[in-house]
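# Tertiary structure, described
Listed below are the residues making up each chain.
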Amino acid sequence: MTTAVPGSAERLESHVDVLIVGAGPAGLMCANALVQAGISVRIVDKRSESVVPGQADGIQPRTLEILQSYGLGDQLHREGAHVWRIVNYSPGPDGVLRRANRSATVSPDGIWRWNYGIALSQDRVENVFLASMKEKNLAVEYATTPTSIKLSDGEDDLLNPQAYVNTAVLEHLEGQKNSETVHAKFILGADGAHSWVRKALGIGAEGTVTSSIWGVVDILPDTDFPDVRNYAIVQSAHHGTLFTIPRERDLIRIYVQQSEDSDVIDPITGRADKNRSSPEQILAQARKIMHPYRMDVKDNGVEWWTIYVVGQRVVDKYSINDRALISGDACHTHSPKAGQGMNAALCDSHNLAWKMAYALKGWAKMSLMQTYDFERRKYAQELIEFDKSWSKLFIVKPRSAENPEGLAVEEFVSIVKQSNRFMTGVGVHYLPSIITNPQYQSFAAGLVVGERVSPHLFLCAADGQPFEIQDLLPADIRFKVLVFGGDITIPADLDRLQEVALALNSPGNFLSRFGRDGEVFDVLCFSSAKQNNTDYFDFPSFFQSHWSKAFLDDADISGKFGGGGYAQYGIDPHAGAIVIVRPDGYVGMIAPLTTHGVSEVTAYFSEFLM
C-alpha cells in the first residue's frame, strides 16, 4: 500500500514484506518464489527495461531440476540449445590444430534427470520469470533505484519478522520522477557484481582480480568448424585458448582469451574498457586460435559482445542481522568458463526464498534465516576455489613437442570428469545444521542428507502410472515427508507401517504441532510391494488421503519404467525409512520407520518450526 507523506506532494510512503533490488536472475527467482508463497513483494531495477541479449547463458542440470520444481522448465527445454558433448582441440605433432577428444558434457557416472545442459541467453531466461510473475500480478518496477537504506538496530524488532526494520528511499527515474520511502520487513540486494546494496550495507568482499582478459561475442556463424554445435575448447600453440557454446536460434557464443599484449585495460580504473576493443578484434583473435578453421559472421549477425577481466571474490557475509540480505553476483564473482554464474544466483535465491517465507508467515523461528549464510557462503567459497583451478586449465598451454610440460588432453578430460558433480550442481552438499541432520543416514545411504533427492520413477499405486519423484516435490514451500513403508503384502512390514501411521496421526507429533492443516507438510508413502500383488486400498488408511499419495517401487506395466528405487536410495525393502525433504528439494533428515523415528522427526522440526 502506498500513501502520500503529509505535507509533501512528491514524497510517497509504503510498506511491503520484502523489497528486492535488482531484477536479474537472483532477484526474479526470489520474487517469483515469494509471491507464489503468498508474500507481498516489490522488485525494482535501475534499468529502464529488462536485460538486452547477452549476459549469462548456461543452465546446469541441477538448476533445470530446480526450475522444473517451479513449473518453469518446459519452455527452457524447448527454446534452449541442448549441450550434450564437450570437445577438445589442440595442436597435433605437426603443429596443426585437430580434434583430440569428444566426451559427454555430463558424466555418465551419476544419476541425472537430464544428462545435458541448456544454453539460452539470460534475457530469455528472465522472460520466463517475468511471465510467471505476471500471472501472479507482480511486475518489475524499472527505472527505480534506492538512494538510501537504513536498518533498525533494535534487538526486539530484529527478532520480530513482522517488524518493518528496513527503511529505503527509492528514486523513480521516469514519469513523475518522485521519491518514495519504503518500509520493508526484509530487503534483498540482488543488484549484481557492483551491488549498490552490498556497499550500502557495508558488506566486504574477499578475493582477487586475475590478469586473465577475455573477450566474448555472440554471433550467427558462417564456419567450417565441425564442432560448432558442441561445447568446444580450442587450445592453440601460440595464440591462446577459446571455447564455443551453441545457443538458441542457431547462434553461438565464443569466449576468446586476449593476447598478452592486449591494451584493453583502462590504466585509471583497472577495468576492461570496451572502447578499447570491438567484436572484430575479438573475432580476429579467435581466427588465429582456430586456424585452419574459418569463423565468419553470417548476415552481420553480431548480437552481443563484451570484454572482461576475471575477478574471483566472495563476500564476508550474506546478510546484516538476517534482515537485509544479498544474493547472486552481489555475493560472489568468478569466471564464466564453467557456466556457474546464473546457476549460483538462481540457487542462492532458491535456498533463501522458502526460509524468508517461513519467517514471514510465523511458521519458523528467526534462527532458520541464519542457515542461508551458513549454506550458501560455504558453497560460494567452494565455487571460487573450483573456479581458480578450472580457470588455470584455460591459460596453460597444451602439451606439444615444443611444450612437453604443457597440459595433455587426457589430463584435461580427467579433470572435467572429476569436476562434473560440482559443475552440474548435483554435488552441492549442505553441512549439518538445524535443518540438516545426518544422524540416521545409514537408513537411506543413497539419499545423502544435505544433497538433492536424486531422480527415480515410482508407480502410482492407484493407476500404475510412472511418476518422477522430483515432480512429487514441487517448490510449494512444503516439507515432503516420504515414508518408505516396506512391503505392505508382508504382514510384519504392514504392521510396522500401521504403527508409524498411528504415530503420525497422534496428537503431539510434528504433523499436529506444526502442520497448519496441510500448509507445511505433504506426506507420501512408497511401498516396495509389486503392483500385481497389491492395490491402493492395501495401504494404511492414513496414507489414503488422496489416491495420488501412495506409490510402488516397481516397473510399469510395459516393464520399461520404474523399479529399483529402494536399492538406488539404499533403503532396506522391508525395514523402510522416513525421509524428510526440505522445501528446496534437499534431504533434511532421515529416520527409522518406527514410532521412535517419528519422535526423532518431531524433535528435528522442534528445532526451528513454531
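Summary of the structure given here. Keep in mind that this is a model prediction, so the values were computed, not measured.

Another aspect to go through is the sheet that holds strand 23 (residues 521-527). Spatially, seven strands are ordered 21-20-24-23-22-25-26 in an open sheet, and the strand pairing comes out mixed. The two strands at the open ends of the sheet, each matched to only one other strand, are strand 21 (466-468) and strand 26 (587-591). Averaged over neighbouring strand pairs, the angle between their axes works out to 30° when direction is ignored. When strand 22 (residues 479-484) meets strand 25 (residues 577-581), the two strands line up antiparallel, connected through five bridges. Note on strand 25: the bridge partner recorded for Lys480 is Val581.

This part takes up the sheet that holds strand 8 (residues 117-119). Spatially, three strands are ordered 4-8-5 in an open sheet, and the strand pairing comes out antiparallel. What marks the edges here is a single partner per strand, and that holds for strand 4 (58-59) and strand 5 (81-83). Relative to strand 8, strand 5 is paired through three bridges, and the arrangement is antiparallel. In the strand pairing of strand 8, Val83 is matched with Gly117.

Our next topic: a positive patch on the surface. Taken together, the side chains of Lys46, Lys199, Arg271 and Arg313 present a region of like positive charge at the surface. Examined against the element boundaries, Arg271 turns out to sit in the loop between strand 15 (252-257) and helix 7 (279-290). Look at Arg271 and you get partly exposed, because its relative accessible area is 49%.

A few words on the packing of helix 1 (residues 25-36) against helix 8 (residues 341-361). It is at 8 Å that the axes of helix 1 and helix 8 come closest, and there the two elements cross at 30°. It follows from the interaxial angle that helix 1 and helix 8 lie roughly parallel. For the crossing formed where helix 1 meets helix 8, the hand is right-handed. Contacts from Pro25, Ala26, Met29, Cys30, Ala33 and Leu34 in helix 1 reach Met342, Ala345, Leu346, Ser349, His350, Leu352, Ala353, Met356 and Ala357 in helix 8. A per-class count over the contact of helix 1 with helix 8 returns 13 nonpolar, two polar and no charged.

Turning our eyes to something else, we now look at the environment of Pro438. Take Pro438: it is sitting in the loop between helix 11 (420-424) and strand 20 (457-460). In sequence terms Pro438 and Ala23 are 415 residues apart; their C-alpha atoms lie 36 Å from each other. Here Pro438 is in contact with Pro432 and Val449, once residues within four sequence places are set aside.

This part takes up the side chain of Asn230. Here Asn230 shows up in the loop between strand 12 (205-223) and strand 13 (231-235). Note on Asn230: relative accessible area 8%, which makes it buried. Sequence-distant contacts of Asn230, that is, excluding residues within four places in its chain, are made with Arg85, Val87, Thr244, Ile245 and Pro246.

What follows covers the pattern of salt bridges. In this structure the tally under the stated criterion is 35 salt bridges. Note that Asp94 is salt-bridged to Arg98, the shortest N-O span being 3.0 Å. Owing to a relative accessible area of 37%, Arg98 belongs among the partly exposed residues under this scheme.

Within the largest apolar cluster, 113 residues are counted, with the highest numbers of intra-cluster contacts made by Leu19, Leu34, Tyr358, Phe479, Phe510, Phe521 and Phe605. The biggest single contributor to this core is helix 8, with eleven residues. With residues up to four places along the chain from it excluded, the contact list for Leu19 reads Arg42, Val44, Ala168, Leu170, Val182, Ala184, Phe186, Ile187 and Leu188.

With 14 residues, helix 4 (residues 122-135) extends 20 Å from end C-alpha to end C-alpha; this agrees with the ideal 20 Å at 1.5 Å per step. Listed as buried for helix 4 are Gln122, Asp123, Val125, Glu126, Val128, Phe129, Ser132 and Met133. The secondary structure elements touched by the buried residues of helix 4 are helix 1, strand 3 (41-44), strand 4, helix 2 (61-69), helix 3 (73-79) and helix 8. Just downstream of helix 4, Asn137 is the residue with a positive phi angle, here 65°.

This next bit is on the environment of Leu242. Considering the arrangement of structural elements, one finds Leu242 in strand 14 (residues 241-246). Distance from Leu242 to Ser327, taken between C-alpha atoms, is 30 Å for residues 85 residues apart in sequence. Not counting chain neighbours up to four residues away, the residues in contact with Leu242 comprise Trp214, Ala232, Ile233, Val234, Ile254, Tyr255, Val256, Ala286, Ile289 and Met290.

Reading the values: rules and limits
- Residues numbered from 1 in each chain as written.
- Predicted model: local features only at pLDDT ≥ 70, side-chain atom pairs only at ≥ 80, totals over all residues.
- Heavy atoms only, no water.
- Pairing = 2+ DSSP bridges.
- Helix = DSSP H or I, 4+ residues; strand = E, 2+ residues; numbered from the N terminus.
- Axes fitted to C-alpha atoms, helices over the stretch in contact; angles between N-to-C directions.
- Patch = residues over 30% accessible without salt bridge, like charges linked within 9 Å, V, L, I, M, F, W, Y side chains within 5 Å.
- Areas by Shrake-Rupley, 256 points an atom, 1.4 Å probe, with all protein chains shown as cover.
- Salt bridge = Lys/Arg side-chain N within 4 Å of Asp/Glu carboxyl O.
- Lys, Arg positive; Asp, Glu negative; His and termini not counted.
- Charge placed at Lys NZ, Arg CZ, Asp CG, Glu CD.
- Buried < 20%, exposed > 50% of the residue type's maximum accessible area, 1.4 Å probe, protein only.
- Parallel < 35°, antiparallel > 145°, perpendicular 65-115°, else oblique.
- Left-handed = near helix turned anticlockwise from the far one by under 90°.
- Contact = heavy atoms within 4.5 Å.
- Nonpolar A, V, L, I, M, F, W, Y, C, P; charged D, E, K, R; others polar.
- Core = buried A, V, L, I, M, F, W, Y, C linked by side-chain atoms within 4.5 Å.
- Expected span 1.5 Å × (residues − 1).

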